[in-house]
Each structure stands twice: as C-alpha cells, then as structure tokens.
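Next come the chains, spelled out residue by residue.
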Amino acid sequence: MTSQIGQGGRQGSEEILYRGTPANMDVQSSSDIMIIGGNSHAELVGLIASRLGVKSGGCAVYHKTNRETMVEIGDSVRGKDIYIIQTGTKDVNNNIMELLIMAYACKTSSAKSIVGVIPYLPYSKQCKMRKRGCIVSKLLAKMLCKSGLTHVITMDLHQKEIQGFFDCPVDNLRASPFLLQYIQECIPDYRNAVIVARNPGSAKKATSYAERLRLGIAVIHGEQKEAESDMVDGRYSPPILSRSRTMDVSVGVPVHPAKEKPPINVVGDVGGRIAIMVDDMVDDVQSFVAAAEVLKERGAYKIYVLATHGLLSSDAPRLIEDSPIDEVVVTNTIPHELQKMQCHKIKTVDISILLSEAIRRIHNKESMSYLFKNVTLED
C-alpha cells in the first residue's frame, strides 16, 4: 500500500509543503528540457515527468549478449537541458554504468547542460578510509563529473561531506518533511511517541526529528556491529613484546586496545510509548530487528522504522515480517515493490514532488533556498 502523502490524493499536503510555489509545476519552456532515465526506477521517471508536464525523452538502455551496456538516445539533445534520473538499486554496478554512458552520450551530442538526478547515491556508505582500501564515493564522484554531469541532485546522503567530492554543484535534498508529515498524520497518538536512535551515531538525526515534533528521545547503546575491516584476517604482524602499562621508548609501538561490546542498553524511557526509529537507510535489517526486540522488552507497545532509502537487501522482508516491528516506512527513492509483496509492513511515501520542484527551479533559474528552509547541520 502506497501512502498518499505527496500524491494527487493529498493536494492539501502539497500546498503546505510548497506554499509560495505555483500550483502548476510546468517549466517555463518545455522545448529545451528533456527527462531521460535508465532501468533503475522507471516508475519514478514517469512520476517526475508527469508532474513537470514534460514527456520523457526516447532513451533505450539495454545489455548486449556479452553484458555490455548500450545506450541509444532517440531524440536530439543538442542545446537542451538534460535531466538523467537514475538511482542506486541492488544492481548497483549496472546502474552506475548506465548513468555514466547516458551522461557521456549527451555530452558528446552537444547537450547544453546535464543534470544527474540520483535519489540514492550508490557507494555512499564507502565514504571513509579503511585500511588497504579507498574512499569509493570519491572515485564515483570523479567518474560522474568526468562523464559530463554539470549538476547533481540527490537526497539524504549518508554523509553530507560527500558533496565535497564532486567538482560540480550538488543539491542534497531532505526527505524529512515527508516522514514528519507521515508521523503526524498516519501514526495515531503520535504525541505518546519517543524518537529512538538505533545507535549513538544516529542520535543527531533522532534529535532533529524529536525537536520538530516536540517529543522525547531515546538512544540504544551497546553491541555495535564490528566492521569487516576491523576483523582479524591474519594480516596483522605485531611485535612479539610483553604488554606494559608504562610507556617506554624501548617497548616499541603500543597496541591499540580492542573494543569490547558493552551490554545493550536503552538510554531513555520507552515504557508504554510508541517507539519511532529514524535513520537515513534501511539495508540489512538485522540491527533494526535486534533494536526492536530490546524496545519491546522495555515496554514499547508499537515500533515504527522510518528511513529515506529502503534498500531492504537479502531476506529483509521475511525478517521484518517475523519481527516486533509494526511498520517500516520508506520513500520511493529506490524501487521496492517486490519486497512490499513479501511483507505487508512496508509502506511507501512518494517524494517525486520534491525532485520535480528541484528540477523546475533549476531549469527556470530560480533559487533553491526554499527547499532548504529550516534545514540545519544536523538534518
């Protein structure tokens, strides 16, 4: 079941969210704009094109028998503003190659500007340096800019600092107004709720939601998942020396103490309350399920999970169905119709109106500041 927030059945909510913007979202001149998309999210491409009153351009993206990606743009792009809509899904590497080839095809065909609309930026989790690794999101940013993108529109980056990897302007839109609206209008008795941070790292986002809803906050602490890069893999070669508490030059390089998982604990009162966990993405749901079980033990009578990106990898639908979680609410930045058929607890909020408004403002050379009104560093 798709929530009607942001869709045609909730025109009132659209007017509230975009007060001051024209009711008709048509661009000033549709002759010099073209919307094209790859194979990642055809439904979102159609929604955005229909909201803008623009017909999506004829672009065929397919794979040859040897699995090479082929792109054929049927319409002329010379001198036009091209908006390529492509998100990251489970077929992430094909999604990236499709986007790169589409952008480069438009660049070599003399397009005026090429804007990449990437609701979920792939590899955004790999934005920190790991031993014997690299910052993959920077590599991706360089590839996208080199392919011909002159502007990027994305949503709720895993880390906001990723914008600095790009050599072109980046608009990092926020989906929180839609999720806040869902809480206020679709969760009965939300005043009796508490916003829960699944781990201390997401406490800032939880605080942002709690302050806007005038609610309390709780933080789950303990049993943090060990990163794969921190696991013992036989490549360590420490000096064979006895450990000493006294620092001495002759002792050699001191060993960094290993982390010990503390017992899991909930900081804050959730007894008899509705627990609402917020995060930027739901990928591997095991940590959410474990947190939900702890919240249930502490007396929470309803548990919701809200996130912008619903990757829902592996057997996530089955785990959610068997868990104490009552609802998982995500936006349609990533297609997840198959997962919704497997689990009735997954709900969708449509954010196509936000992407459409961003495209309209950029094309008409209007200010984007309205879409970032009241956005703080913690959001």
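Residues numbered from 1 in each chain as written. Predicted model: local features only at pLDDT ≥ 70, side-chain atom pairs only at ≥ 80, totals over all residues. Heavy atoms only, no water.

### So, a positive patch on the surface
Just so we agree on the cut-off: Residues forming no salt bridge and having over 30% relative accessible area are the ones grouped into patches, like charges within 9 Å of each other and nonpolar side chains (Val, Leu, Ile, Met, Phe, Trp, Tyr) within 5 Å. Computed with the Shrake-Rupley method and a 1.4 Å probe, the accessible areas treat only the protein chains shown as cover for residues. Counted as salt bridges are all cases of a side-chain nitrogen of Lys or Arg within 4 Å of a carboxyl oxygen of Asp or Glu. Think of it this way: Lys and Arg go in the positive column, Asp and Glu in the negative one, and His and the chain ends go nowhere. We put the charge of a Lys on NZ, of an Arg on CZ, of an Asp on CG and of a Glu on CD. Runs of H or I in DSSP of at least four residues are treated as helices and runs of E of at least two as strands, each being numbered from the N terminus.
A cluster of basic side chains, namely Lys128, Arg130, Lys131 and Arg132, defines a positive patch on the protein surface. Among the structural elements, Lys131 can be located in the loop between β5 (113-118) and α4 (136-147).

### Section: the pairing of strand β7 (residues 170-173)
Operational definition: Exposure classes here rest on a 1.4 Å probe applied to the protein chains alone. A residue is buried below 20% of its type maximum, exposed above 50%, and partly exposed in between. When DSSP finds at least two bridges between two strands, those strands are taken to pair.
Every second residue of β7 is oriented toward a common face, with Val170 and Asn172 on one face and Asp171 and Leu173 on the other, all of them buried. As paired elements, strand β6 (residues 151-155) and β7 share four bridges and run parallel to each other. Looking across to β7, one finds that Ile153 is bridged to Asp171.

### Topic: the sheet that holds β5
Whenever strands of a sheet pair, they do so through backbone hydrogen bonds, lying parallel or antiparallel. Just so we agree on the cut-off: In this analysis, axes come from line fits to C-alpha atoms, helices being fitted only over the stretch in contact, and the angle between any two N-to-C directions falls in the range 0 to 180 degrees. Contact between two residues is taken to exist if any of their heavy atoms lie within 4.5 Å; hydrogens are not considered.
Here five strands make up an open sheet; going across it, the order is β1-β4-β5-β6-β7 and the pairing parallel. Unpaired on one side and paired on the other, β1 (33-37) and β7 mark the two borders of the sheet. Averaged over all pairs of adjacent strands, the angle between their axes in this sheet comes to 15°, without regard to strand direction. Set on the sheet, helix α3 (residues 92-108) makes contact with β1, β4 (81-85) and β5; between it and β4 the angle comes to about 170°.

### Description of helix α2 (residues 42-52)
Within an α-helix, residues lying three or four positions from one another point in the same direction, as the helix has 3.6 residues per turn. Where we set the bar: The arc refers to the directions leading from the helix axis to the C-beta atoms.
Turning to α2, its buried residues are Leu44, Val45, Ile48, Ala49, Arg51 and Leu52. For α2, the buried positions fall inside an angular range of 165° around the axis, keeping them on one side. Residues of α2 that are exposed and point over 90 degrees away from its buried face: Ala42 and Ser50. Immediately beyond the C-terminal end of α2, within one or two residues, lies Gly53, with a positive phi of roughly 70°.

### Examining the pattern of salt bridges
Two side chains with opposite charge may pair up if their charged atoms get near one another. In total, this model carries nine salt bridges according to the counting rule given. Across the pair Arg51 and Asp350 runs a salt bridge whose closest N-O atoms are separated by 3.5 Å. You can see Arg51 sitting in helix α2 and its partner Asp350 sitting in the loop between β14 (346-349) and α10 (352-363), a full 299 residues away along the chain. Looking at Arg51, the relative accessible area reads 18%, which means it is buried. Taking the shortest distance from any N to any O, the salt bridge between Glu357 and Arg361 comes out at 2.8 Å. Of this pair, Glu357 and Arg361 are both found in helix α10, four residues apart, which corresponds to roughly one turn of the helix. By relative accessible area, Glu357 is classed as buried at 1%.

### Let's talk about helix α6 (residues 203-213)
Along α6, the positions that sit buried rather than exposed are Ala203, Lys205, Ala206, Ser208, Tyr209, Ala210 and Leu213. Buried residues belonging to α6 abut α5 (176-186), β8 (193-197), β9 (216-221) and β11 (274-282). One or two positions beyond α6, positive phi appears at Arg214, with a value near 60°.

### Considerations on the nonpolar core
Convention followed: Definition of nonpolar core: a set of buried residues of the types Ala, Val, Leu, Ile, Met, Phe, Trp, Tyr and Cys, connected through side-chain atoms within 4.5 Å. Here the limits of each domain have been adopted from an automatic or database domain assignment.
Core analysis: the biggest nonpolar cluster contains 48 residues, and Ile35, Ile153, Leu173, Ile195, Ile276, Leu355 and Ile359 have the highest contact counts within it. A total of six residues in this core trace back to one element, the largest contributor, which is α10. In this structure, this core is formed jointly by two domains, domain 1 (33-173) and domain 2 (177-223 + 264-349), each of which donates at least three residues.

### A closer look at the sheet that holds β8
As summarised here, the arrangement of the seven strands in space is β10-β9-β8-β11-β12-β13-β14, forming an open sheet in which the pairing is mixed. Across the chains shown, the open sheet's two edge strands, defined by having one partner strand only, are β10 (265-267) and β14. Recorded for the sheet is a direction-independent mean angle of 25° between the axes of neighbouring strands. Along the sheet face, α6 touches β8, β9 and β11 and points at about 160° away from the line of β8.

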